[in-house]
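The lines below spell out each chain.
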Amino acid sequence: IYSYGLRNPFRFALDPNAAKEEGKTRFFINDVGRHTWESVHEGGDGFAGANYGYPEREGPCVKKTARNCAPDSRFLSPVHFYRHNSEEGGAATGNAFYPNDANWPWHFQNSYLYADYAFGGLYRVTKDVATACPYPACDPPVSAYTASTKTISSLLKITALAFGPYMGGQALYVTTRGHDGLRGNKGIYRIRYVGPPVAPLPTVAPPVVSTPVVSTPIIVDDQDALTTAIDAATTVVVQDYIPDDADDDFVLPEGGISFGGLGDFETAPTAPTETATGPATMTTPAVTVAKPTTASPTASPVEFNRLPKAIASASTTLGFPPLLVKFDATDSYDPDYLDEGSAALKYSWDFDGDGYIDSYMPTDSFKYMKSGVYTAVLVVRDNKGAETTTSIDITVEDTPPRTRIIEPFQDATFSVGDQINLKGTAFDVDGGLLSGSSLSWEVRLHHEDHWHTIMEPTAGNNLVIPDA
């Protein structure tokens, strides 16, 4: 056993940055809670044999509590956590670390992404020690990670995340579960960055060392002296300064750099510098005060083109011949030309599935003369030749059967251990009463504002619901 004390470790994600930059294995575990907390735990090198606390603890606290949160030395507390309720979330599921070389905007650097199955959306988490508040200063404690709400996407019922290659870069692949009516469609989605090219991260330059200039000595050993020197001269150099206290910082006005001693100052980014003035003799080289540059790094231009979105609708999908159907594709759009709407696209329709184009118009009608099931296919193209396809099934000379659930009856109640039977009927206006093999049942257990599948779609009649 590598680790234990996890309630429902739904997904774990390896950190590629730790592997590349530090040569170690590190991963985060999304642990779905039951009563009070959703948790993210850390694992990897140095965590073998870890006990994360369940069933004695959930999140940072004793199970079923939000105030009894004193640390227990027997268990490892989660690195991030949030409430399991109707306001914050209900199930921490899919997860992925952002690869720092993926060439997305800088604010994704060192980010961890996770999905909440019940609430939907992706959350970007970054470490922010300033926001942390451990027990007993805060009860419950506050996580050292800050999550931004529904970053990138608001897709629902997400079960898995993974970064992978796409078009010479990195895209985020998202899997959704489906089986949830209007709350989401099952499938795999690809999310990629298509904004302006991202320049490389700025590198930290060594401190700028200037040649001492003979002038009237300016003694700079405290904040007041520094302010006076800046008021009296256009430039100033801080040199040979050793603070009495590690927290003794000099603060340059008007957006300058705050530093405590030369060590902190040396981590400042490369910037335009000012000419140095100072004493003629020194025990250490003078260090020129630098101010951050506002110039943006340059990058080679890269042309991006997002795929258009094909959206089709039909006035009806069922009827008897001759069946006239009106088709509409005007909700289609090109994400690179949103202001132009559907006018930025070209259209082609094959209404009866014979492989020939029937129309090049965004809206048109087609009359089906014979019974059968037809697939109307729409292809939309943008001005750079990228295209996407969608389709609508049209059933001629048929209407849906009428169904009725006989057991269990409406508003029936049950107790644990009861046997619940599934019995129903279906009637087809063309073929009469349908056999039991034509029926399919799915059973869902509703849990707060979401549900869990108890029985997957199963064909038949007079069935018994299995134990949950």
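Look up a bit, the structure's there.
Residues numbered from 1 in each chain as written. Predicted model: local features only at pLDDT ≥ 70, side-chain atom pairs only at ≥ 80, totals over all residues. Heavy atoms only, no water.

Participant: Quick question: what am I supposed to make of the overall build of the chain here?
Facilitator: Helix and strand content of the chain: three helices and 33 strands. When the 468 residues of the chain are sorted by exposure, 38% land in the buried category. In the chain, once contacts between residues fewer than 6 apart in sequence are set aside, the share between residues at least 24 apart is 55%. Accessible surface, the chain as shown: approximately 26,500 Å² in total, 54% of it carbon and sulfur. (Helix = DSSP H or I, 4+ residues; strand = E, 2+ residues; numbered from the N terminus. Buried < 20%, exposed > 50% of the residue type's maximum accessible area, 1.4 Å probe, protein only. Contact = heavy atoms within 4.5 Å. Areas by Shrake-Rupley, 256 points an atom, 1.4 Å probe, with all protein chains shown as cover.)

Participant: When you look at the state of the cysteines in this model, what are you seeing that I'm missing?
Facilitator: In a disulfide, the sulfur atoms of two cysteines are covalently bonded to one another. All chains considered together, the criterion is met by two disulfides. Shown here is the disulfide that connects cysteine 61 with cysteine 69, its sulfur atoms set 1.9 Å apart. Linking cysteine 61 and cysteine 69, the disulfide has an S-S dihedral of approximately 80° and is accordingly described as right-handed. Cysteine 61 sits in the buried class, given a relative accessible area of 0%. The class for cysteine 69 is buried, based on a relative accessible area of 3%. Counting only the cysteines that form disulfides, in the order they appear in the chain, gives the pairing 1-2, 3-4. (Disulfide = S-S within 2.5 Å.)

Participant: How should the pattern of salt bridges be read in this particular structure?
Facilitator: Oppositely charged side chains can pair when the atoms bearing their charge come close. Per the counting criterion, the structure on display carries nine salt bridges. Between arginine 26 and aspartate 15 there is a salt bridge, with its nearest N and O atoms 2.8 Å apart. Separated by eleven residues along the polypeptide, arginine 26 in strand S3 (residues 26-31) and aspartate 15 in the loop between strand S2 (9-14) and helix H1 (16-22) bring together distant segments of the chain. The exposure classification of arginine 26 matches that of aspartate 15, with both residues buried. Of the charged contacts in the structure, one is a salt bridge between aspartate 72 and arginine 74, with a shortest N-O distance of 2.8 Å. Beyond isolated ion pairs, a larger network of salt bridges with shared partners links Asp15, Arg26 and Glu42. (Salt bridge = Lys/Arg side-chain N within 4 Å of Asp/Glu carboxyl O.)

Participant: How should I be thinking about the side chain of serine 39 in this particular structure?
Facilitator: One can find serine 39 in strand S4 (residues 37-44). For serine 39, a relative accessible area of 3% puts it in the buried group. For serine 39, the side chain forms a polar contact with the main-chain nitrogen of glycine 59, separated by 3.3 Å. In contact with serine 39, not counting residues within four places along its chain, are Ile29, Asn30, Asp31, Gly59, Pro78, His80 and Phe81. (Polar contact = N/O pair within 3.5 Å; in protein donor to acceptor, adjacent residues only side chain to side chain.)

Participant: Any chance you could explain the sheet that holds strand S27 (residues 387-396) here in plain terms?
Facilitator: Strands pair in a sheet through their backbones, by hydrogen bonds, and they do so in one of two ways: parallel or antiparallel. The mixed open sheet is built from four strands, whose spatial order is S22-S27-S26-S24. Each edge of the open sheet carries a strand with a single partner, namely strand S22 (318-319) and strand S24 (346-350). Here S22 pairs with S27 via two bridges, running parallel. For glycine 319, the partnering residue across the bridge sits in S27 and is valine 396. (Pairing = 2+ DSSP bridges.)

Participant: How should unusual backbone geometry be read in this particular structure?
Facilitator: Keep in mind that most residues, glycine aside, have a negative phi and that most peptide bonds are trans. Each neighbour pair has its own omega, and for tyrosine 54 with proline 55 the value is 15°, a cis peptide bond. If you trace the backbone, proline 55 turns up in the loop between strand S5 (50-51) and strand S6 (57-58). Cis geometry is adopted by the peptide bond preceding proline 322, which originates at proline 321 and carries an omega value of -10°. The residue proline 322 is located in the loop between S22 and strand S23 (323-328) in this model. Although it is not a glycine, aspartate 411 adopts a positive phi angle of roughly 65°. Within the secondary structure, aspartate 411 is located in the loop between strand S28 (402-407) and strand S29 (421-428).

Participant: I tried to follow empty space enclosed by the protein on my own but got confused; where do I start?
Facilitator: One pass over the structure, following the stated rule, counts three cavities of 30 Å³ or more. Its volume calculated, the largest cavity comes out at about 60 Å³. Elements with a contribution of two residues or more to the lining of the largest cavity: S4 and S6. Among the residues forming the lining of the largest cavity, the class breakdown is three nonpolar, five polar and four charged. (1 Å grid on protein atoms, 1.4 Å probe; cavity = no way out; pocket = protein on both sides within 12 Å on 5 of 7 lines; lining within 4 Å. Points joined across faces, edges and corners; volume = space filled by probe spheres on them. Nonpolar A, V, L, I, M, F, W, Y, C, P; charged D, E, K, R; others polar.)

Participant: What am I meant to see in the side chain of glutamine 109 here?
Facilitator: You can see glutamine 109 is positioned in the loop between strand S9 (92-97) and strand S10 (112-116). A distance of 3.0 Å separates the side chain of glutamine 109 from the backbone oxygen of asparagine 100, its partner in a polar contact.

Participant: I tried to follow the packing of aromatic side chains on my own but got confused; where do I start?
Facilitator: Within a pair of aromatic rings, the relevant descriptors are the distance that separates the centres and the angle that separates the planes. Scanning all chains against the criterion turns up 19 aromatic pairs. Note on tryptophan 37 and phenylalanine 81: the rings are 5.7 Å apart at their centroids and 85° apart in plane angle, and the pair reads as edge-to-face. One end of the pair, tryptophan 37, is in strand S4; the other, phenylalanine 81, is in strand S8 (residues 80-83), and 44 residues separate them in sequence. For the residue pair tryptophan 37 and phenylalanine 81, the accessibility class agrees, reading buried in each case. Taken together, the aromatic side chains of Phe327, Trp349, Phe351, Phe366, Tyr368 and Tyr374 make up a single cluster linked through ring pairs. We note arginine 124 situated over the ring of phenylalanine 108; from NZ or CZ to the ring centre the distance is 5.6 Å. (Phe/Tyr/Trp six-rings, centres within 6.5 Å; stacked < 30°, edge-to-face > 60°. Lys NZ or Arg CZ within 6 Å of the ring centre and 35° of its normal.)

Participant: Please explain the nonpolar core as it appears in this structure.
Facilitator: In summary, soluble globular proteins display a tendency toward joint burial of nonpolar side chains. The biggest cluster of nonpolar side chains holds 18 residues, and the ones touching the most others in it are Phe327, Phe351, Tyr368 and Ile394. Those elements that provide at least two residues to this core are S23, S24, strand S25 (363-368), strand S26 (372-381) and S27. Setting aside anything within four residues of it in sequence, one finds isoleucine 394 in contact with Ala314, Thr316, Thr317, Leu323, Val325, Phe327, Tyr368, Gly372, Val373 and Tyr374. (Core = buried A, V, L, I, M, F, W, Y, C linked by side-chain atoms within 4.5 Å.)

Participant: Where do I start with the sheet that holds S3 in this structure?
Facilitator: With antiparallel pairing, four strands are arranged side by side in an open sheet as S2-S3-S4-S8. Strands with a single pairing partner mark the edges of an open sheet, and in this sheet they are S2 and S8. Recorded for the sheet is a direction-independent mean angle of 20° between the axes of neighbouring strands. In the sheet, S3 pairs with S4 via six bridges, with the strands oriented antiparallel. Paired with asparagine 30 across the two strands is valine 40, which belongs to S4. (Axes fitted to C-alpha atoms, helices over the stretch in contact; angles between N-to-C directions.)

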